[in-house]
Amino acid sequence: MSERPTTASVGQRVTHRRYVPYSHAHYAGNLVDGAYSLAAFGDVATEMCIVTDGDEGLFASYSDVQFKAPVRAGDVIEISAEIIRVGTRSREMDFEVRVVARGTPARGASAAETLDPPVVATTARGVVVVP
């Protein structure tokens, strides 16, 4: 296997958007557990590693995970990863989940609205390693 030089650089960013399905609601009020955000962080970190290093990489650690606002079934969330440090084989990233749209059941069963500004729901810092 030939080695490919990294293109990782501080400030590089990957962003995903997804709808949170009702099948992921765990608690009253259609709340989704915090593990949903952590799994989403893993997905953006994987894409970042593929883009920068041609490999999916492996998560080594999370630190400073903060749950700041609820994520609910029916939300549309935006998940981002930004590289803040590049090591020889490690990449440190800041992660954020923002709720960009949310259902408004008072207006009707399927009513929803975009949130401007989006609500920051979860933040974390993490380290991934690549071969």
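Use the structure listed above.
Report follows, based on the coordinates. (Residues numbered from 1 in each chain as written. Predicted model: local features only at pLDDT ≥ 70, side-chain atom pairs only at ≥ 80, totals over all residues. Heavy atoms only, no water.)

This part is about the pairing of strand β6 (residues 90-103). Burial analysis of β6 places eleven of its 14 residues in the buried class, which makes it a mostly covered element. Looking at chain direction, strand β5 (residues 76-86) and β6 are connected through ten bridges and run antiparallel. Bridge pairing in β6 links V76 to A101. Two successive antiparallel strands, β5 and β6, enclose a turn made up of three residues. Relative to strand β7 (residues 112-129), β6 runs antiparallel, the two sharing 13 bridges. Pairing of E92 across the sheet is with V127, part of β7. (Buried < 20%, exposed > 50% of the residue type's maximum accessible area, 1.4 Å probe, protein only. Helix = DSSP H or I, 4+ residues; strand = E, 2+ residues; numbered from the N terminus. Pairing = 2+ DSSP bridges.)

A separate point is the nonpolar core. By size, the foremost hydrophobic cluster in this structure holds 25 residues, and its most contacted members are V71, I77, I79, M93, F95 and V97. Listed by contribution, the elements that provide at least two residues to this core are α1 (35-53), β5, β6 and β7. It is α1 that provides the largest number of residues to this core, a total of seven residues. I77 has contacts with H16, R17, R18, V20, Y36, V71, V97, R98, V99 and V100, leaving out every residue within four places of it along the chain. (Core = buried A, V, L, I, M, F, W, Y, C linked by side-chain atoms within 4.5 Å. Contact = heavy atoms within 4.5 Å.)

Let's shift gears to the packing of aromatic side chains. Counted under the stated rule, the structure contains four aromatic pairs. One aromatic cluster is present, built from ring pairs that chain together F41, F59, Y62 and F95. (Phe/Tyr/Trp six-rings, centres within 6.5 Å; stacked < 30°, edge-to-face > 60°.)

Before going further, it helps to spend a moment on the environment of F59. Mapped onto the elements of the fold, F59 is located in strand β4 (residues 58-67). Given the relative accessible area of 31%, F59 is considered partly exposed. In this structure the C-alpha to C-alpha distance between F59 and S90, which are 31 residues apart in sequence, comes to 9.6 Å. For F59, the residues in contact, after removing those within four places along its chain, are F41, G42, A45, F95, G126, V127 and V128.

Side chains carrying opposite charge are able to pair once their charged atoms draw close together. Scanning the model with the defined rule gives ten salt bridges in all. A salt bridge links E78 to R98; its shortest N-O distance comes to 2.8 Å. Of this pair, E78 sits in strand β5 while R98 sits in strand β6; the two residues are 20 residues apart in sequence, bridging distant segments of the chain. Overall, the relative accessible area of 10% leaves R98 in the buried class. Of the charged contacts in the structure, one is a salt bridge between E92 and R125, with a shortest N-O distance of 3.9 Å. Taken as a pair, E92 in strand β6 and R125 in strand β7 lie far apart in primary sequence, 33 residues in all. Judged by its relative accessible area of 17%, E92 is buried. One salt-bridge network, in which partners are shared between bridges, spans R17, E78, E96 and R98. (Salt bridge = Lys/Arg side-chain N within 4 Å of Asp/Glu carboxyl O.)

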